[in-house]
Amino acid sequence: MTARGKFALWVAVLFLAGIAVPVATGLAVVAVLAPADQEVVLRVLQERMPLLVLGAMALLALAAGAVRWLFGAYVEAAAGLADLTRSARAAPGAAPIVIAGAAELVQLAGEIERLAAEAHRLRDASDGRVRESLAHLEEERNRLAALMSELVEGVLVCNAEGRILLYNEQARALLSERGDTAAPAPVGLGRSIFSLIERNQVVHAIEKLEQARARGEAAPRTRFVAPAGRGRLVKFEAAPYRGARAELAGIVFTLADVTGLLEREAQRLSVLQSIATRARAPVANIRAAAENLAGYPDMEAGRLRQFVEIIAGESQALSQSIHGALQTYSEALKASLTLEDMRALDLLRVAEGRVRALAEVAVDLDPVAESLWLSVDSFTLVQALCFLAARLKEDYGVRRVRLGARRAERFLELDLGWRGAIVGHDALAQWEGEPLRIGAQESPLTLRDVIERHGGELWLQRHGLAGERDACFRFLLPAGEPVTAATRVGAVIESRPEFYDFDLFAHGGASQDLRARALADLSYTAFDMETTGLAPSAGDEIISIGAVRIVNGRLLKSEIFEKMVDPRRPLNPDSAKVHGIDAAMLAGQPRIEEVLPAFHKFCEDTVLVAHNAAFDMRFLELKEESTRVRFAQPVLDTLLLSAVAQPALADHRLEAIAERLGVPVIGRHTALGDALLTGEAFLRLVGLLRERGIATLGEALDASRETYYARLRY
Amino acid sequence: MSKRVLIVDDEPNIVAALEFLLEKNGYQVQVAANGEEALARLDEFAPDLVLLDVMVPKVSGYEVCQRMRAQPKWRAIKIVMLSARGREVEVEKGMSLGADLYVTKPFSSAELVATIGGLLSPQT
């Protein structure tokens, strides 16, 4: 029965009881009187009727007042107490259990508060123990996460359904379309791997792995190369992992960017083929002519001269063609897999420290442009520099050297210079063949090996007229390609990112009806938007969208979406006061036609969650036509869910809900801040809803709808 | 009667050497500088063997080979393909199209003569 119904019933009962007693008594008294006396009484009553009605009305007012008081003091207070108690269970200590009402209930609230505090303390104690063991687990996880982020390769693990369970930053950078990791990457926990890799590729890989297993291979692996964003080629190496019954539980992919490698490999191959092809014909001609000359020494003079000329001409053509081929492809021939692209300045800084420490000489570093890159095996090259500095000191007493670098065509000149000592060319020639020895350390490599490994050259350079006293060893090394920040990943994330979620392992088939799925099992995107104003139909526009993913009951703070949008219309000053975004901040931001498709992709396969979702959904709906994206997934509204979970409480503003549920309210009125708050509040509401018997998505949607209509009527 | 060999190649230097070599070994030799000319010569010259370079102008060596094998009257003519391209796939292609032999440049003159002799001897 509704509260109003209950109220009316109580008043009626009390009123009727109040009327019934005097009337019944009066009737009993009148019944035993003589008929004449009865007539007198009846007349008296008729004459006093207005007074009687007045009395009855006074009684009614009295009854209503009494019930009103009783209701406030007991019924409403009890309902409020129940809600507060429920909140206290969900978020202990967040809000004090204090109610206004009858003294007994106030006392009861006090007792419940004490009981809650007691329970809280007990829970804390057991939480402490749980936390300890969790901390241990956490440490293990952190170790794994650290290990993964240290790997040069990308790592991606998916379950048998192709949902991503684990990945590292490298994998995300390799597979994200634009390479900047802040962009909404399609790599995310619980996302489908098929949006990243051609489905058939993965199916084929699984088939191959299963075949290998059928053949009895203990640790089958397979690999394939697939295109990724930005025209890159990524090599995927796939290895299966097995479940408890040895069934295929998922695949571990290691990823490496092979764009450059493949290009170089192809280039080298084409050099080989081109040299072979170009050389074959002239060599054949020379050989045939030469063999004729050798086989038939008595041929006539004319023939003889013809064959000799053929040999001379073809030899010349041959040497030209080989020369040309080598020149054209010298870069490809020189490129070696052991070389990495490195900033010259970084290399010299490392060398500076090592030379100072190992060769024990003073080192001056020339100014070197940041933009210089070289292709280098940095370890052996630094060894070579240390070795040369040490020899200069030992054999020539050099105490101070200079390091510098500059560009020379497609190469880079790297100098190890000194003043004073006159070093002969023969010294360098001798040192080149010696193993690199610095103090007690000796490398198996010689200086010449190091130069060859780089496809470089080394010589003694003397400067100026009096240059004998100012000289350097000059290395000519291949220039390198600048490595963009996008591919230099790792060690950028300060807090441990939520890049893994092993609980996803347990996820069942996605084919089940979504409505029947438990709220706790679904993936969500909690989002919020800031707008130019409050009237979408009147032309107000979205100016920022913030969103965060929720997977397996965890808010993934590393999987966020945050974009500003150029609204192409002036801002409403009142709204600007709320969100603090001004026109200057929006100038040059992408338009809604770019942002919404990206956001749509970010939300794929998730249920949307927003506070007062109807408002946000209206904005999205109005943009369907111009952006060609439709947000068709189910939507849950924290405002409605809060009203379902805590019907006795009146305040369901986001801030109020968050406070009641013990979510710290920070970063409000930015789209992302509110999205995070909404997400946290939502996660706690799910617990409260379960207590009210609302466990599946379908039940939550239905309850929301009922509350919505209830609120509309209200 | 001496056997006839048709050399199909556009490089005069190799043609000169091969022509000289084969004539010294008692063959009757004619030269075609491209694939089209080679096909035109087949009926009139009626060679026992064609020494066919893969890279000849107009009609490629592969195509000459294919067309010869498509004609019953030319099926008995032996085909030795010569090529400066020695990748396995190319050798395989030549043999699949019906060549009796695929010789990669450079080659030994003595071996080539011996091979031709083998192909044209009545036992085979």
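Just so you know, these numbers come straight off a predicted model, no measurement behind them.

Thresholds applied
Residues numbered from 1 in each chain as written. Chains lettered and ligands numbered in written order. Predicted model: local features only at pLDDT ≥ 70, side-chain atom pairs only at ≥ 80, totals over all residues. Contact = placed C-beta atoms within 7 Å. Helix = DSSP H or I, 4+ residues; strand = E, 2+ residues; numbered from the N terminus. Nonpolar A, V, L, I, M, F, W, Y, C, P; charged D, E, K, R; others polar. Pairing = 2+ DSSP bridges. pLDDT = per-residue confidence, 0-100. Core = buried A, V, L, I, M, F, W, Y, C linked by C-beta atoms within 7 Å. Buried ≥ 20, exposed ≤ 12 C-beta atoms within 10 Å, placed from the backbone.

### Digging into the interface of chain B and chain A
Listed per partner, the contact involves 18 residues of chain B and 19 residues of chain A. At the level of secondary structure, the elements contributing two or more residues to the side of chain B that touches chain A comprise α1 (12-24) and α5 (109-120) of chain B. Residues that form the side of chain B that touches chain A fall into these classes: ten nonpolar, four polar and four charged.

### Focus: the environment of Ala276(A)
Within the secondary structure, Ala276(A) is located in helix α7 (residues 259-295). C-alpha separation for the pair Ala276(A) and Ile322(A), spaced 46 residues apart in sequence, amounts to 9.2 Å.

### Observations regarding the pairing of strand β4 (residues 233-242) of chain A
Where a strand is regular, its side chains alternate between the two sheet faces. Residue and element names in this part refer to chain A. Pairing of strand β3 (residues 222-227) with β4 involves six bridges; the strand directions are antiparallel. Looking across to β4, one finds that Arg223 is bridged to Glu237. Sheet topology note: the β4/strand β5 (residues 248-257) ladder contains nine bridges and is antiparallel. Within β5, the residue paired with Arg242 across the bridge is Leu248. Taken together, β4 and the strand that follows it, β5, pair antiparallel across an intervening segment of five residues, in which Ala246 is found at a positive phi of about 65 degrees.

### Regarding the confidence of the model for chain B
Confidence in the prediction for chain B averages 88 pLDDT; 96% of positions are at 70 or higher. The ipTM value of the predicted complex is 0.79, and its pTM value is 0.39.

### A word on the nonpolar core
Counting residues in each nonpolar core, the largest one holds 81 residues, and the members touching the most others are Ala526(A), Ile545(A), Ala547(A), Ala681(A) and Leu689(A). If one sorts the elements of this core by residue count, helix α21 (residues 671-691) of chain A sits on top with twelve residues. Residues within four places of Ala526(A) in sequence aside, it is in contact with Ala547(A), Val548(A), Ile550(A), Val609(A), Ala675(A), Thr678(A), Gly679(A) and Phe682(A). Counting residues in hydrophobic clusters, the runner-up holds 43 residues, among them Val5(B), Val8(B), Val103(B) and Ile116(B).

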